[in-house]
Amino acid sequence: MEILDFTQNRERQDSRRQTGDDGFSPAISDRPALPYTDEVKAATDHLYEKVKDFISPLEWPAKAPLIHAINQLKKEKNAVILAHNYMTADIFHCVGDLMGDSLALARMAATSDAEIIVQAGVHFMAETAKIMAPNKKVLIPDTRAGCSLASSITGEDVRRIRAAYPGVPIVTYVNTSAEVKAECDICCTSSNAVQVVESLGSDTVILLPDEYLAKNVAAQTDIRILTWKGSCEVHEKFTAEDVQDLRDAHPGIVIITHPESPLEVVQAADFAGSTAAMADWARKSGARQAVLLTECSMSDNVAIDVPEIEFIRPCNLCPHMKRITLENIYDALRLEQHEVIVDEEIAKRARASVQAMLDLPAPKTPAHFDPAKQEKFVEIVAV
């Protein structure tokens, strides 16, 4: 069994991403045969009803045996699967136990009675789950499931920033490694970033590492914001022209976007908010047609939960999230492989950063970004 420490094995991970070999996964021939039997059909037909608009009848007999086997293993091993909103519908709706955005999943992990947690998401989420649930075994199905935003900054970068800007509070987005969280004063999510920035009692705050989130936050507050030149490769691709093209093609459509998108996209949309806020607003909007400018699978998952809305599907695919499959979830759980550990000292400091955020009053409703707010200058820190 491999125990993977993301903070101590970063170079090893990078080399595997380049070669396309994680070095640990068993050969497919080692996986037991999983036929589509009458038992499997009976146990999974109700799940297929939820996802039938996204998985064809030809595909289902290949997926159903894996789904059935995973759900059986969860019971045998007292395990839960944390399914991020960007997981495909078969994972999210058919094997996921706790579903939501990255921080919600970590909170759920900490309060779960399960002994094993399988993170259906990317590595910073698995680390955060381990930070919040240090006594549980946390597994990630594919060690190469990274994140362009999280990999844009390191703990050493934060230490240089602190030296260059002494006394300025540093906020980190939760979409970062444990090492980065450990070097910052407090974490934030896209839902509470404005609240966190304004809670620090400083006229200047460094908000890392997403430059687009920082610019969107700056437009919502009088606090001077400095940031890092990091971005999410999924959300940064959307443009204001995309929004206008959608409005031209579908008059009356509701446009919902995420604050990791460029400010021009937020300003052109009808609503901008966190992953959870986007889904919540869609459910309550009363819209007949809507589009979620975000990762493709989230649109599918919300569409399943809100069938009264017709969702138009321009979206961008996250290649890192799509490394997680039913097959490697099954292997991770069956073999209890790819355990995620975090150095105890780093975990302690990172937990303090997350806890500082959790200690703030919870908002009554998910925060959103007012699209009418105007752009303000945001300095990129230079170190």
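Residues numbered from 1 in each chain as written. Predicted model: local features only at pLDDT ≥ 70, side-chain atom pairs only at ≥ 80, totals over all residues. Heavy atoms only, no water.

**Brief notes about the environment of Pro65**
Residue placement: Pro65 occurs in helix α3 (residues 60–77). Relative accessible area serves as the criterion here: at 3%, Pro65 is assigned to the buried category. Remark: the alpha-carbon pair of Pro65 and Val40, spanning 25 residues in sequence, is separated by 6.0 Å. What Pro65 contacts, discounting residues up to four positions off in sequence, is Leu34, Pro35, Tyr36, Val40 and Trp60. (Helix = DSSP H or I, 4+ residues; strand = E, 2+ residues; numbered from the N terminus. Buried < 20%, exposed > 50% of the residue type's maximum accessible area, 1.4 Å probe, protein only. Contact = heavy atoms within 4.5 Å.)

**A few points about the sheet that holds strand β11 (residues 271–272)**
The sheet built from 4 strands is open, its strands ordered β11-β10-β12-β13 with parallel pairing. In the strand order of this sheet, the two ends are held by β11 and β13 (310–312), each with one partner. (Pairing = 2+ DSSP bridges.)

**Focus on the sheet that holds strand β15 (residues 379–380)**
Strand order in the open sheet made by the 5 strands is β7-β6-β8-β9-β15, with parallel pairing throughout. The open sheet is flanked by β7 (186–188) and β15, the only strands paired with a single partner. The strands touched by helix α10 (residues 211–218) are β6 (170–173), β8 (204–208), β9 (224–227) and β15; relative to β9, the strand with the most contacts, the crossing angle is about 175°. Strands in contact with helix α16 (residues 344–358) are β6 and β7; relative to β7, the strand with the most contacts, it is inclined by about 60°. (Axes fitted to C-alpha atoms, helices over the stretch in contact; angles between N-to-C directions.)

**Things to note about the pairing of strand β12 (residues 289–293)**
Burial runs high along β12: 5 of the 5 residues are buried. Burial along β12 is two-sided: the face carrying Gln289, Val291 and Leu293 and the face carrying Ala290 and Leu292 are both buried. Direction of pairing for strand β10 (residues 254–257) relative to β12: parallel, over a ladder of 4 bridges. Its bridge partner being in β12, Thr257 is matched across the sheet by Leu293.

**Some remarks on the pattern of salt bridges**
Across all of its chains, the model carries 23 salt bridges by this definition. A salt bridge links Asp157 to Arg160, with the nearest nitrogen and oxygen atoms 2.6 Å apart. One end of the pair, Asp157, and the other, Arg160, are both in helix α7 (residues 155–164), 3 residues apart, so they sit about a helical turn from each other. The partner of Glu379 in a salt bridge is Arg224, with the nearest N and O atoms 2.9 Å apart. Here Glu379 is found in strand β15, whereas its partner Arg224 is found in strand β9, with 155 residues between them in sequence. Residue class for Glu379 comes out partly exposed when judged on its relative accessible area of 24%. Via salt bridges that share partners, Glu156, Asp157, Arg159, Arg160, Glu183 and Arg349 belong to a single interconnected network. (Salt bridge = Lys/Arg side-chain N within 4 Å of Asp/Glu carboxyl O.)

**Looking at a negative patch on the surface**
Taken together, Glu241, Asp245, Asp248 and Glu264 make up a surface patch of like negative charges. The element contributing the most residues to the negative patch is helix α11 (residues 240–249), with 3 residues. A residue is classified by how much of its surface remains accessible, and Asp248, at 53% relative accessible area, is exposed. (Patch = residues over 30% accessible without salt bridge, like charges linked within 9 Å, V, L, I, M, F, W, Y side chains within 5 Å. Areas by Shrake-Rupley, 256 points an atom, 1.4 Å probe, with all protein chains shown as cover. Lys, Arg positive; Asp, Glu negative; His and termini not counted. Charge placed at Lys NZ, Arg CZ, Asp CG, Glu CD.)

**Some remarks on α3**
The end-to-end C-alpha separation of α3 is 25 Å, in line with the 26 Å expected for 18 residues at 1.5 Å each. Within α3, the full set of buried residues consists of Trp60, Ala64, Pro65, Leu66, Ile67, His68, Ala69, Ile70, Asn71, Leu73 and Lys74. Immediately beyond the C-terminal end of α3, within one or two residues, lies Asn78, with a positive phi of roughly 50°. (Expected span 1.5 Å × (residues − 1).)

**A word on the packing of helix α2 (residues 38–51) against α3**
Packing of α2 against α3 leaves a shortest axis separation of 9 Å and a crossing angle of 105°. With respect to α3, the element α2 is oriented roughly perpendicular. Listed contacts from α3 to Glu39, Val40, Ala43, Thr44, Leu47, Tyr48 and Val51 of α2 are Trp60, Ala64, Pro65, Ile67, His68, Asn71 and Gln72. Within the contact of α2 with α3, the residues separate by chemical class into 9 nonpolar, 4 polar and 1 charged. (Parallel < 35°, antiparallel > 145°, perpendicular 65-115°, else oblique. Nonpolar A, V, L, I, M, F, W, Y, C, P; charged D, E, K, R; others polar.)

**Quick notes on the packing of helix α13 (residues 275–284) against helix α14 (residues 296–305)**
Contact geometry of α13 with α14 gives a least axis separation of 10 Å together with a crossing angle of 35°. Note that α13 runs across α14; the crossing there is right-handed. Judged by residue contacts, Thr275, Met278, Ala279, Ala282 and Arg283 of α13 engage Met298, Val302 and Asp305 from α14. When the residues that make up the contact of α13 with α14 are grouped by side-chain class, the tally is 5 nonpolar, 1 polar and 2 charged. (Left-handed = near helix turned anticlockwise from the far one by under 90°.)

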